[in-house]
Each structure stands twice: as C-alpha cells, then as structure tokens.
Amino acid sequence: MADFPLAVNVQGDYGYKVVVVDSHCTIDEVIKTAVDQIVSVLVAPFPEEAVLRARVHGATRPLDGSLTVREAGFIQMEALQIYVEE
Amino acid sequence: MALLQMEEWYDLARETNWTPRYVPEDELYPLPMSNDFGIPVEKWESFDEPYKVTYRDYVQSQRDKDIGAYSVKAALARSDFFRKASPHWKALLALHFSAVCWAEFHSASAFARMTRFSRSPGMRNMATFGTLDEIRHGQIQIYFAYEFLKHDAVFDWCHKSSKTENWIIISLRHALDDIAHTRDATSAAIMLNMGLEQAFTNLQFVALSADAAKCGDHTFATMLQSIQTDEARHAQIGEPMVRIMVENGRKKEAQQMVEIAFWRMWKQFSALSGIGMDYYTPLEHRESSLKDFMEEWVIGQFGRTVEALGLDLPWYWDILKHDISTFHHANQIGVYVYRATEWWRPIAGTSPEEREWLEEKYPGWNATYGKCWDTIADNIRHGNYDKTVPVAPPLICNMCGLEVTGTAGENWQPVNHHVDIDDRRYHFCSEPCKWIFELEPERYKGHKSIIDRVFDGTIGPEPDDFYEYMGQSPAERGVDGYDYQWIDGYDDLSSDGLKRAVG
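Residues numbered from 1 in each chain as written. Chains lettered and ligands numbered in written order. Predicted model: local features only at pLDDT ≥ 70, side-chain atom pairs only at ≥ 80, totals over all residues. Heavy atoms only, no water.

## Details of the pattern of salt bridges
This is how it is decided: We count a salt bridge whenever a side-chain nitrogen from Lys or Arg sits within 4 Å of a carboxyl oxygen from Asp or Glu. Secondary structure elements follow DSSP: runs of H or I of four or more residues count as helices, runs of E of two or more count as strands, with numbering from the N terminus. Burial classification: accessible surface area is computed with a 1.4 Å probe over protein chains only, and a residue below 20% of its type maximum counts as buried, one above 50% as exposed, and the rest as partly exposed.
Across all of its chains, the model carries 35 salt bridges over all chains by this definition. In this structure, the salt-bridge partner of Lys32(A) is Asp36(A), at a minimum N-O distance of 3.0 Å. Linking Lys32(A) with Asp36(A), this pair stays in helix α1 (residues 27–38), spanning four residues, or about one helical turn. You'll find Lys32(A) and Asp36(A) in the same group, each marked exposed. A single network of salt bridges, built from pairs that share partners, joins Asp11(B), Arg14(B), Asp48(B), Glu49(B) and Lys52(B).

## A closer look at the sheet that holds strand β4 (residues 79–84) of chain A
Residue and element names in this part refer to chain A. The condition is simple: Pairing between strands is defined by DSSP: at least two bridges between the two strands are required. To obtain each axis, a line is fitted to C-alpha atoms, and for helices this fit is confined to the stretch in contact; angles are then taken between N-to-C directions over 0 to 180 degrees. We call two residues in contact when some of their heavy atoms are within 4.5 Å.
Taking strand neighbours across the sheet as the criterion, the four strands line up as β2-β1-β4-β3 in an open arrangement whose pairing is mixed. With partners counted over all chains shown, the strands left at the sheet margins are β2 (17–22) and β3 (52–56), one partner each. Neighbour to neighbour, the strand axes of the sheet diverge by 40° on average, direction disregarded. Along the sheet, α1 makes contact with β1 (3–10), β2, β3 and β4, crossing β2 at roughly 135°.

## Thoughts on the interface of chain A and chain B
By convention, interface size is frequently given as the accessible area that disappears when the constituent parts associate. Convention followed: Put simply, buried area is the surface a 1.4 Å probe can reach on two separate parts but cannot reach once they are joined, added for both. In this classification, the charged set is Asp, Glu, Lys and Arg, the nonpolar set is Ala, Val, Leu, Ile, Met, Phe, Trp, Tyr, Cys and Pro, and all remaining amino acids, among them Gly, are polar.
Opposite the 32 residues of chain A that make contact, chain B presents 37 residues. Taken over both partners, the interface formed by chain A and chain B buries close to 2400 Å², and the fraction arising from carbon and sulfur atoms is 64%. Between chain A and chain B we count one salt bridge in total. For Glu78(A), the salt bridge goes to Arg425(B), with nearest N and O atoms at 2.9 Å. For the side of chain A that touches chain B, the secondary structure elements donating two or more residues are β1, β2, α1 and β4 of chain A. For the side of chain A that touches chain B, the per-class residue count stands at 19 nonpolar, nine polar and four charged.

## Looking at empty space enclosed by the protein
One way to see where empty space is left: roll a probe the size of a water molecule over the atoms. All names here are of chain B. As a reminder of what qualifies: The way it works is a 1 Å grid over only the protein atoms, where trapped points that fit a 1.4 Å probe form a cavity and open points with protein on both sides within 12 Å along at least five of seven lines form a pocket, and then any residue with an atom within 4 Å of a point lines it. Grid points are joined across faces, edges and corners, and a volume is the space filled by probe spheres set on the points.
Under the criterion given, the structure shown has five cavities of 30 Å³ or more. Put simply, the largest cavity is a space of about 520 Å³. Lining the largest cavity are 29 residues, and of these Val-100, Thr-201, Gln-204, Phe-205 and Ser-273 lie nearest its centre. Of all the elements in the fold, those that place two or more residues in the lining of the largest cavity are α6 (87–117), α9 (167–181), α10 (185–214) and α13 (251–280). If one sorts the elements of the lining of the largest cavity by residue count, α10 sits on top with nine residues. In this model, the second largest cavity occupies a volume close to 70 Å³. Contributing to the lining of the second largest cavity are Leu-95, Trp-167, Ile-168, Ala-271, Leu-272, Ile-275, Asn-331, Val-335, Trp-344 and Leu-402. Where the lining of the second largest cavity is concerned, the elements lending two or more residues are α9, α13 and α16 (327–337). Sort the elements by how many residues they give to the lining of the second largest cavity and α13 lands first, with three residues. Looking at side-chain class alone, the lining of the second largest cavity contains nine nonpolar, one polar and no charged residues.

## So, the packing of helix α4 (residues 55–76) of chain B against helix α11 (residues 218–234) of chain B
Residue and element names in this part refer to chain B. Basically, it comes down to this: Orientation categories follow fixed angle ranges, with anything under 35 degrees roughly parallel, anything over 145 roughly antiparallel, 65 to 115 roughly perpendicular, and all other angles oblique. If you view the pair so one helix is near and one far, a crossing is left-handed when the near helix is turned anticlockwise from the far one by less than a right angle, and right-handed when it is turned clockwise.
Closest axis-to-axis distance for the α4/α11 pair is 8 Å, and the angle between their directions is 165°. Classed by the angle they form, the pair α4 and α11 counts as roughly antiparallel. Crossing angle aside, the handedness with which α4 passes α11 is left-handed. Of the residues in α11, those touching α4 at Tyr-58, Gln-62, Lys-65, Gly-68, Ala-69, Val-72, Lys-73 and Leu-76 are His-218, Thr-219, Thr-222, Met-223, Ser-226, Thr-229, Asp-230 and Arg-233. Among the residues forming the contact of α4 with α11, the class breakdown is five nonpolar, seven polar and four charged.

## Examining the packing of aromatic side chains
In this description, a pair of aromatic rings is defined by centroid distance and the angle of the planes. Residues and elements named next belong to chain B. We count it as follows: Aromatic rings from Phe, Tyr and Trp, taking only the six-membered ring of Trp, are treated as a pair when their centres fall within 6.5 Å; an angle between ring planes under 30 degrees marks them as stacked, one over 60 as edge-to-face, and anything in between as tilted.
Enumeration according to the criterion identifies 34 aromatic pairs over all chains in this entry. Ring centres of Phe-428 and Phe-437 lie 5.1 Å apart, and the angle between their planes is 55°; on these two criteria the pair is classed as tilted. Each of the two residues, Phe-428 as well as Phe-437, counts as buried. When the ring of Tyr-482 is compared with that of Tyr-490, the centres are 4.7 Å apart and the planes differ by 45°; the resulting orientation is tilted. Residue Tyr-482 is classed as buried on the basis of its relative accessible area of 5%.

Here is the structure:
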C-alpha cells in the first residue's frame, strides 16, 4: 500500500490533473477517483450509459480495467487519458 | 570654443577596448561571464547600435520622462480612479505590477553583466543605459503601484512576490533566470533583448498603454509610455549581437539562443498578458485579441526581423501559430478555478457578452473551453461554490512551470510530452518546452515544480501548508473578483453584488 500520484486527463477537461491513488488500485478504481474529482467540476456529467476507459497518453488501446497500478508497471506521474468508449 | 557634434566624437569616445597590462585578457573577460564564441575581438568591436545616445542626452531625456510621468500621477492622484475601477482592471493592475516590478529591477543585474563583460564596447555603452533603465523601471512601477496600497493590500505583492515560492512567481522566475540571470553577457544580451524585449515587452507596453488610456487610467498609461521608450532603445542591443554571430559562423548558436528565449518568454506572455488581453481588459475597451496581437506584431513583425538578421524562423513556428489560440484559454480556466493559489482577485471574464467576443475572436471557443465554463457557471448558479474548485491539483510543466493543457470540450485533445530520467518523470506542456529541457538536462533536471514539491514532502500535508509555503496568509488568497456575480452579465449585477465586488 503506497500513495501513487498519476497524471490524468478526463475527456473534456482542459488539462492534466494529478490524482493520488493507492498502488493496489485497479484501473477502474483510478477512473472512478478521477471522475469523482473532475466530473461536475470542470466537465459535465457523462451520459449514464457511457463506458469510461483509461489509456496511457499516446496509446490507442485501453488498459485492462482489472489491472492494478502496480501490475501496469507505471512510473509515478504516469500520464493517463480517461475517455468514453465509442 | 565650439562644441563638437555628437557624430564627430561618439565612435571614438565609446572605443574602450584598451589593451590590458596588469591582467591577462582571459581574467579580464572570464569565459563563463564573457563568452566570445571564438569570434575575434575586432569583430565584436564592429557592434554598431542603431540608436545612439550620449550620457548627457540620456540623463536629460530620462529626467523629462520622469517629470512627465510623475506630473500626471500627481495631477490625477485625487481622481479616485482606482476606487471606481472595475474588478477587471483592478485584477489586471495587480497582476501586472506584481509580476513586472521586480522582474524589471532584477534585469538591471543582467544588463550590468553586459556592461562589464561584453566584448563589444558599443554594447557595454548601451548596456550601461539599459542597467539604469531597469533600475528606473523597477522603482517607478513599485512607486506607482504603492499608491494603491491604501485601497488594496494586494499591491504589497508588487515587492513581496519575487521573494515567495508562489507557483506563478516560480514559473516567471525560472524563465528569467534561464534566459537572463544564468547566462554569459553575450548570451544574455541576445536572449533577453531579442527573446523578451524585442519580441514581446516593447510591443506589449505599447498595447497595454493604449488599453490603459482607453480605460481612463492615464497615470498607468503615461508610466508605461515612459518605460516603453526605454524598451524600444535597448531592445535593439540584441540585433547587432546576432548579426555579428551570424556573420562569424555562429548562426547555429545564435539561432538556438533566440529559439530558447523566445519560447520561454512566449509561455510567460501567453499566460500573463494573454489572460490580461482576452479576459481582464474590460470588454468595452478591448480591440485586439492576443491572437490578433501575436499574428501582427510577433509572428509578423518579429518573424521578419529574425529573418532579416540572417536567422531562420524558429522550428516551432507552426506550433506557435496553434498555441496562440489555445494555451492561454486553458490556463485562464486554471487561474480561475485555482484562484486561492493567487494573491489577486481573479476574473472569470466569461459573462455572456464576453463569451460572444471570445467566440468571434476564437471560432469554436464555446464548444471547447466554453464547455468547462458552462460547468463552472452551472455550479455557481446552483450555489455549489465548493465545486468550482477542483480537489485534484493541476499537472505543471517541468520547463515553463505552467499547467499542462490541451484543448477542452467537444474537440478534446490532451497534450503531454515527457522525459524519464533517474526514475523521475518530467512532464511538458509542449514540444518546444521538452526540446529546451533535452538540450541540457543537467541544467534543468534538478528543478522541481510546485506540484513536485507537494509530492516529495517539501510542502507539508495540511491544506494550509501549501499556502504558507507560497507566502500566502488567509487574507492573501485569491477570491472571485466579482463575488460570482458575473454569470448572467455585469448589467444584471445587483447593487449589493457590485458593491461587494468593487469594494
């Protein structure tokens, strides 16, 4: 268990934010933490049916939502995009 | 006996490259302070300033300028301008004075280095005047700013800011340290004079002075004019230096200096003056947008100057053309929502009428950055003031010290560039910021952004620790300049709201 800062940009937001999670958090939990902190503050709520994914900045494929931060092999302040799956 | 005309003695009088007898040349001009780039001294002696002035004329001219500026100030002291000024203009004054006064004063050090260590006697002469100019610019602006202290304690930051670790000040100080205060005399002359003064401040002061006059702030306008005329003179120090470098096989080095300095100063200009032009200047007095200004005066005029000197346009020119429509809009959102981290009272500048202007000047603004403002305004409208401030801090660029931003809203385009060194990730807001870092990682890698300092324990974990680290007492934390009474337009301000906002 360790605090792990990640840089995240939630779809629609103007820039990256730093979100602190636990290294044992899953990607889905990272998404939830970021959404809790950004949506309805800088970004309008997404439609209820929207499915949110995360990907490493620059990557095209989404990360497996069940993967933990530690398992993903991230460096601290790894940049992640959180977006609505089309 | 008849006095000689200036042109009859000027060249001889400034020729002070005497042959030293008591110290060797390399001790008189040590390389770290006085890089000659291997160019022979007779080539440096060809420095010929476009605008020649004698000390006698300089003193007379500066005295006249001071008399003019101080007379206007004295005459208008009772006009009560500040008390009646809009929160827009108050925010602009607070931002200008607290970011510029000390920066000008510190510049005297860079000019003094050029005065002492330049290989060109002509430049030493010009830099002497530049040194005096910068002392005057620091003093006159602090003096004028302090007039407002009786109305608003925020102007204490005109002097205080440079001594703090506030994140905006760290950003500006890092940029100026990089181009002016940690470079040899030759490099500083090119980087400071070409990259900052010729590219930005000379022209900026013309525009800001005109805006001030339109807003009825004649004291500020006159003071700015008195400074701008100095800027115009010593902005020209860089040109002959670049010309000598290019003509003597050092184009590559000169090109790189201009590219580093210009980009570093663009980022500062974008965040500070861009916000000032497009959000803080009252709408009825706005003419040009930042984009208009940049396209005409910087991309156009400065670009032509660069090419006329034998340099190429900076490699990132197309990136710049995109940045002038994006970066400051994103940063304005951050400056507003993280307002408690600033010492002045930030303005949203996004009332319905202002949004129309922004959409006209930046087509697509409503669908992009406007979407974030929709959410902010919605929270204000429903009284959810706590939701107008994000819990998550912003990611800060490890070069410019400003937020790492992209395009918001419907055309969402995240931007991020990074470098990994020794298990540390360095983030950058742009390709040029990353490029500058990678030119000299050893020079830059030890610096930590304000956010890095939060996570490495430099700043304590309690909420107040962050503000105390930045030198901000509870009374020095920014709040909305209109007390949230802007979302439906300033015409609809209730008398109570306006009274609270204007003070």
